[in-house]
Amino acid sequence: MITSSAPALSVLDLVPVRAGQTSAQAVAASLDLARRADRLGFRRYWFAEHHNMPAVASTTPPVLVAAAAARTQRIRVGSGGVMLPNHSPLVVAEQFAALEALAPGRIDLGIGRAPGSDPVITQLLRQSGTTSDVERFPDHVRDILSLVSPDGAAVRFTSGGTYDVHATPAATGAPEVWLLGSSDYSAQLAAALGLPYVFANHFSGQGLERALDLYRSQFQPSEALRAPRTFLTVNAIAAPTAEEAEARSLPNQRMTARLRMSRPLVAMETVEQALAGADEFDGLADSLMASARANWFVGTGDSVAAQLAVFAARHDVDEVMISPIAGAYDGEPMDAAAGRAQTLELLAAAG
């Protein structure tokens, strides 16, 4: 189990889909991982929002959060995050108010500003209903904060009248709202609104120190939060040996190279497929893979746990959210997250 001497650990899940795996199997594997994280003492379990990607099944965080909440007892569950420009603020507020009623005191609403997809999917999302104007992102965050509160919000008409709106009829609590980002913008907005903030370090890590400094130096206390509160995300793989951990990192290294070179995306390769396809990549791909790998935490459970402790202390955070990106070997069960589960088990044991 994770101990108090180590930074608290949480989990970010994109619900990866590997070659030959169905969406149902991928979701089953992630829900099993959520149960395991709950048992091992991880602090929270968040689902990301991404669309139309062959290797990612986390398209609807609220649905996944509901399923995870129903299968866990203690761990906080939430979104990491809901991409607000894709959705009506009222719909988001209603979804997470319902989740809070389902699992009182255990729901996190992490909100992001990026679309989480490409321009075509963004247009399709807009066709399916009213979505948020990205330029009004700060206003929509404020709207959600009001709507999910037990007091609700008041719509003010130009004529002077008001109309009360509640995300749920009789709330006794509210989800905890976090702002997510990897830029100065989100850090400054979180500081201005007095909200907790998460820097998406698992993307690249660039701008981390500046974002944290802006958030902490500009923070304005709010009713919800009196002092800055933040943690960081990282990509992590732990295995019994360093060699196995490095091998399990290869599928995600290759996926990262495909993304950055705008090559066609595929379901996540197995370790064997990644090794067999090494010759198809050129020097640029190798460089991109090496650059990505340099920002990851890969090794044995003890070594990764030690690296995470140093990382948390360096940036003065008491929590680190890991995205367990261990690839699978051929023959490992399709409905289980073998390498990812191993990462959680080893880190919990080391902590």
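So, here is what we can say about the structure in this document. Worth saying up front: this structure is predicted, and the values here are computed from it rather than measured.

Brief notes about the overall build of the protein chain
A tally of regular secondary structure across the protein chain gives twelve helices and eleven strands. Overall size of the protein chain, expressed as C-alpha extent along the three principal axes, is 70 × 45 × 40 Å. Relative to its full complement of 351 residues, the protein chain shows a buried share of 52%. A separation of at least 24 residues holds for 73% of the contacts in the protein chain among residues at least 6 apart in sequence.

Remarks on the pattern of salt bridges
Going through the model one piece at a time under the given rule, you end up with 20 salt bridges. As a salt-bridge pair, R229 and E176 come within 3.1 Å of each other at their nearest N and O atoms. Of this pair, R229 sits in the loop between α7 (208–218) and β9 (230–239) while E176 sits in strand β7 (residues 176–181); the two residues are 53 residues apart in sequence, bridging distant segments of the chain. The exposure class of R229 is partly exposed, given its relative accessible area of 30%. With a relative accessible area of 24%, E176 lands in the partly exposed category. D282 serves as the salt-bridge partner of R263, at 3.9 Å between the closest nitrogen and oxygen. In this pair, R263 is assigned in the loop between α8 (242–260) and α9 (271–276) and D282 in the loop between α9 and α10 (283–293), connecting sequence segments 19 residues apart. Among the residues examined, R263 registers a relative accessible area of 26% and is labelled partly exposed. What makes D282 partly exposed here is its relative accessible area of 38%. Taken together, the shared-partner salt bridges in this structure form one network comprising R43, R44, R76, D108, D318 and E319.

Structural notes on helix α1 (residues 23–40)
In this model, α1 (18 residues) spans 26 Å end to end at C-alpha, consistent with the 26 Å of a helix rising 1.5 Å per residue. The complete set of buried residues in α1 reads A26, A29, S30, L31, L33, A34, A37, D38 and L40. Buried positions along α1 lie against β1 (8–13), β2 (44–47), α2 (61–71), β11 (319–324) and α12 (338–350). G41 sits one or two residues past α1 and shows a positive phi near 95°.

What to know about the packing of aromatic side chains
Within this structure, the stated rule accounts for eight aromatic pairs. Considering the side-chain rings of Y197 and Y215, the 5.3 Å spacing of their centres and the 40° angle between planes classify their relative orientation as tilted. With Y197 in strand β8 (residues 197–199) and Y215 in helix α7, this pair connects stretches of sequence that are 18 residues apart. Accessibility assignment for this pair places Y197 and Y215 in one class, buried. Measuring from centroid to centroid gives 5.7 Å for Y215 and F219, while their planes differ by 75°, and the two rings are edge-to-face. No difference in accessibility class separates Y215 from F219, as the two residues are buried. An aromatic cluster is defined as three or more aromatic residues linked by ring pairs; in this entry it consists of W46, W178 and F231. The positively charged end of R254 is found above the aromatic ring belonging to F281, 4.3 Å away from the centroid.

Comments concerning the packing of helix α5 (residues 137–147) against helix α6 (residues 184–193)
The interhelical angle for the contact between α5 and α6, taken along N-to-C directions, is 40°, at an axis separation of 12 Å. Relative to α6, the element α5 lies oblique. Crossing of α5 over α6 shows right-handed handedness. Residue-level contacts link F137, P138, V141 and R142 of α5 to Y185, L189 and L193 of α6. Per-class residue counts for the contact of α5 with α6 are six nonpolar, no polar and one charged.

Comments concerning the packing of helix α11 (residues 301–314) against α12
In contact at an axis separation of 8 Å, α11 and α12 are set at 70° when each is read in the N-to-C sense. Here α11 lies roughly perpendicular to α12, going by the angle between them. Crossing of α11 over α12 shows right-handed handedness. Only L346, L347 and A350 of α12 make contact with α11, whose side of the interface consists of G301, D302, V304, A305 and L308. Of the residues assigned to the contact of α11 with α12, the class counts are six nonpolar, one polar and one charged.

Section: a nonpolar patch on the surface
Residues V155, F157 and Y163 make up a contiguous nonpolar surface patch of about 310 Å² in total accessible area. Relative to the elements of secondary structure, Y163 occurs in strand β6 (residues 162–165). Its relative accessible area of 53% is what places Y163 among the exposed residues.

Here is what the cut-offs are and how they apply
Residues numbered from 1 in each chain as written. Predicted model: local features only at pLDDT ≥ 70, side-chain atom pairs only at ≥ 80, totals over all residues. Heavy atoms only, no water. Helix = DSSP H or I, 4+ residues; strand = E, 2+ residues; numbered from the N terminus. Buried < 20%, exposed > 50% of the residue type's maximum accessible area, 1.4 Å probe, protein only. Contact = heavy atoms within 4.5 Å. Salt bridge = Lys/Arg side-chain N within 4 Å of Asp/Glu carboxyl O. Expected span 1.5 Å × (residues − 1). Phe/Tyr/Trp six-rings, centres within 6.5 Å; stacked < 30°, edge-to-face > 60°. Lys NZ or Arg CZ within 6 Å of the ring centre and 35° of its normal. Axes fitted to C-alpha atoms, helices over the stretch in contact; angles between N-to-C directions. Parallel < 35°, antiparallel > 145°, perpendicular 65-115°, else oblique. Left-handed = near helix turned anticlockwise from the far one by under 90°. Nonpolar A, V, L, I, M, F, W, Y, C, P; charged D, E, K, R; others polar. Patch = residues over 30% accessible without salt bridge, like charges linked within 9 Å, V, L, I, M, F, W, Y side chains within 5 Å. Areas by Shrake-Rupley, 256 points an atom, 1.4 Å probe, with all protein chains shown as cover.

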